[in-house]
Structures are given as C-alpha cells and as structure tokens.
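Report on the structure
Each chain, written out:
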Amino acid sequence: MSAGTIQSRRAWLLSDRPASRLQARLGRAYIAWRRFSANRLALVGMLIIIALLVVAAFADVLAPYSPTVGDLKNARLLPPGAAHWFGTDDLGRDIFSRIVYGARWTLYVVILVAVIAAPIGLLVGTIAGYAGGWTDTILMRITDIFLAFPKLVLALAFVAALGPGIENAVIAIAITSWPPYARIARAETLTVRNSDYIKAVQLMGASPFRIVLRHIMPLCISSLIIRVTLDMAGIILTAAGLGFLGLGAQPPLPEWGAMIASGRRFILDQWWVAAAPGAAILIVSLGFNLLGDGLRDALDPRSGDQ
C-alpha cells in the first residue's frame, strides 16, 4: 500500500464532514485507537489480555499434562525444571498445566460477572437518573446499602447462603459488583436528561422507555466499559479470595485462588506451589488495570486528538 493511499484513507477517516454514519463511526474508532496506541503501558496491558485469551482458548494444546491427574508416587512437590516448568503440587500435578487451564475459569468468572452486573447497573442508573423523584431516591438508597459493605465481605455472605461452588461465586460477585456501574450511569444520565437533544426526542413523542433505551444508555456505554475493565482485577481478586477460603471453585478444578490455598501449607519449603498461581493473578490483574487506563484515555470525549 502506497504512502499516498494511506494518507488519503487517514484524511477520509479524520474528515470533519463525514458523508455517512459509517464514516463517522470509523473516524471515531480511528481517533480512539490513536489515543490508545499512544499509551505504551496500555498496549502492554492489551497484550497481556490477548495472551490470556490465547492461553484459555488453546489450553488443551499448551498444557503438557492433565490439570487434575497427577503422579503422586514419582512427581510430588518437584521444583521447577525441564519436565515441569512451574514444578508440581502436593498431589503430583503439573502446576503449569493447572495455571493454563485455570485461565479458562478466570475468564469464565470475569465474563459472566461483567455480563450480569454491568447491564443491571446500567439499567438501574439510567432509570434513576431519568425518572428522578422517589424512583431515584429508592434505587439510590438500595445502591448505597450495597456500597456500605466491603465487596468481599458481602460476596462471602451471599456465597455462604447459596453454597460453595464456582457458579454461586459468580452470582455472589455479580450481586455485589453492580452498584458502582449504577452510580456512573446515573451521573451520565443527569448530565444529558435536560439537554436539547433529549428535549427534541421528547417533543417527537418518544416514550420514556425508548428515550432511556435508545438515547441515554448508548451515551453511558463508554464510561461503563472503562469501569468494567478497571474492575476486572477486583473481580479476579474477589474470585480468588472466595476460592482461597474454599467457597469458590471446588477441587479438583484448577482455579488460581484455590491453588494458592492448597499451596499455603508449603509456602516456606516448596514456595512455587503458591507463588506460580499468585504470579498469574498479579500479571492478569495488572494487564486489566493497564488496559482500563488506556481505554479511559482513548474513550474520554474531552481528550484531544493525539
């Protein structure tokens, strides 16, 4: 592709008079990508998350051993080496294979919590901000009740009532994760509900439901995406905490928090049993935080073109 062609396409994307909605959307996406790619740490975070997705998708190929079956007689608590890169645990299972398969459970928790909690928070926040009055008061006081408790403590209470297990842990984390999203959606709604744009839609006869669904919720999406991405690290740590306490994933599932719990007995002599899954949690959490910071800079409409 010639330099002239590249310049012409860039000029087309950056045009201040787009000829179609598609051109306008592509132009906004291109500007957001330029802002995002200018942040080197954000690119590092994106690479970490892409690596996590690849590892989870190809766990069957990348893992050299079974994540649940070990050699208790010949491979118990072996240190890291050529045969077992991250060593083995107290049941002779390869820790590297368990971490690789554990990436799937990490994504399982993160995606389900985001899919459940973010829409709930978006719905509650936009309804409260647009309706106002008693509706706003009641919904926000319910939100305040959830925000009054530490997330991990509240999740412990819910998962203790529901029973241990990875599915119940996901439900408990989702129940405790939606209030910040509701706060953000409400704040965004309050800034636009009296704007000329919304007034024009009201004069055209649109119902409150249509206004909230079609015209207010889309304006809250970018802020919500940023907050969800930044919260991924907290979701991972909460799930790991529940697994560490025995209320999340149950043996023999290779969940990283449960792996740390099983390795805490050997932390002094066989440090690799707990250190390897702990490092995985650290790296993935760092990746989500860096990615969220980059998305915040890229999707902020007040940012100028880089």
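On a predicted model such as this, the values are computed, not experimentally measured, just so you know. (Residues numbered from 1 in each chain as written. Predicted model: local features only at pLDDT ≥ 70, side-chain atom pairs only at ≥ 80, totals over all residues. Heavy atoms only, no water.)

With that settled, the discussion passes to empty space enclosed by the protein. One pass over the structure, following the stated rule, counts three cavities of 30 Å³ or more. Its boundaries defined by the atoms lining it, the largest cavity holds a volume of some 70 Å³. When residues of the lining of the largest cavity are traced back to their parent elements, those giving at least two are α5 (95–131) and α10 (208–244). Its volume calculated, the second largest cavity comes out at about 40 Å³. Taken together, the elements giving at least two residues each to the lining of the second largest cavity come down to α5 and α11 (256–263). The residue inventory of the lining of the second largest cavity, partitioned by class, reads three nonpolar, one polar and three charged. (1 Å grid on protein atoms, 1.4 Å probe; cavity = no way out; pocket = protein on both sides within 12 Å on 5 of 7 lines; lining within 4 Å. Points joined across faces, edges and corners; volume = space filled by probe spheres on them. Helix = DSSP H or I, 4+ residues; strand = E, 2+ residues; numbered from the N terminus. Nonpolar A, V, L, I, M, F, W, Y, C, P; charged D, E, K, R; others polar.)

Proximity of charged atoms lets side chains of opposite charge pair with each other. This model, assessed by the stated rule, comprises nine salt bridges. Linking Arg104 and Asp60 is a salt bridge whose minimum nitrogen-to-oxygen distance equals 3.5 Å. A residue pair is termed long-range when its members are at least 10 positions apart, and Arg104 in helix α5 and Asp60 in helix α4 (residues 59–62) qualify at 44 residues. Measuring nitrogen to oxygen at the nearest pair gives 3.0 Å for the salt bridge that ties Arg227 to Asp231. One end of the pair, Arg227, and the other, Asp231, are both in helix α10, four residues apart, so they sit about a helical turn from each other. (Salt bridge = Lys/Arg side-chain N within 4 Å of Asp/Glu carboxyl O.)

By secondary structure assignment, the location of Gly45 is in helix α3 (residues 40–57). With a relative accessible area of 0%, Gly45 lands in the buried category. The spacing of Gly45 and Gly294 is 249 residues in sequence and 8.5 Å in space, taken between C-alpha atoms. Among residues more than four places away in sequence, those in contact with Gly45 are Gly287, Leu290 and Leu291. (Buried < 20%, exposed > 50% of the residue type's maximum accessible area, 1.4 Å probe, protein only. Contact = heavy atoms within 4.5 Å.)

Another point: the packing of aromatic side chains. Scanning the model with the defined rule gives six aromatic pairs in all. Judged by centre distance (5.1 Å) and plane angle (55 degrees), the ring pair of Trp85 and Phe96 falls under tilted. Here Trp85, found in the loop between α4 and α5, pairs with Phe96, found in helix α5; they are 11 residues apart in sequence, far enough to count as distant. When its relative accessible area of 55% is taken as the criterion, Trp85 is described as exposed. Relative to Tyr108, the ring of Trp105 has its centre 5.6 Å away and its plane inclined at 80 degrees; by these criteria the two rings are edge-to-face. (Phe/Tyr/Trp six-rings, centres within 6.5 Å; stacked < 30°, edge-to-face > 60°.)

The angle between the axes and the distance between the axes are what describe a pair of packed helices. Direction vectors running N to C along α3 and α5 enclose 110 degrees, while the axes themselves pass 8 Å from each other. Our classification of the angle between α3 and α5 gives roughly perpendicular. α3 and α5 meet at a crossing whose hand is left-handed. Note on element contacts: α5 touches α3 through Val100, Ala103, Arg104 and Leu107, opposite Leu52, Leu53, Val55, Ala56 and Ala57. Across the contact of α3 with α5, the residue classes tally to eight nonpolar, no polar and one charged. (Axes fitted to C-alpha atoms, helices over the stretch in contact; angles between N-to-C directions. Parallel < 35°, antiparallel > 145°, perpendicular 65-115°, else oblique. Left-handed = near helix turned anticlockwise from the far one by under 90°.)

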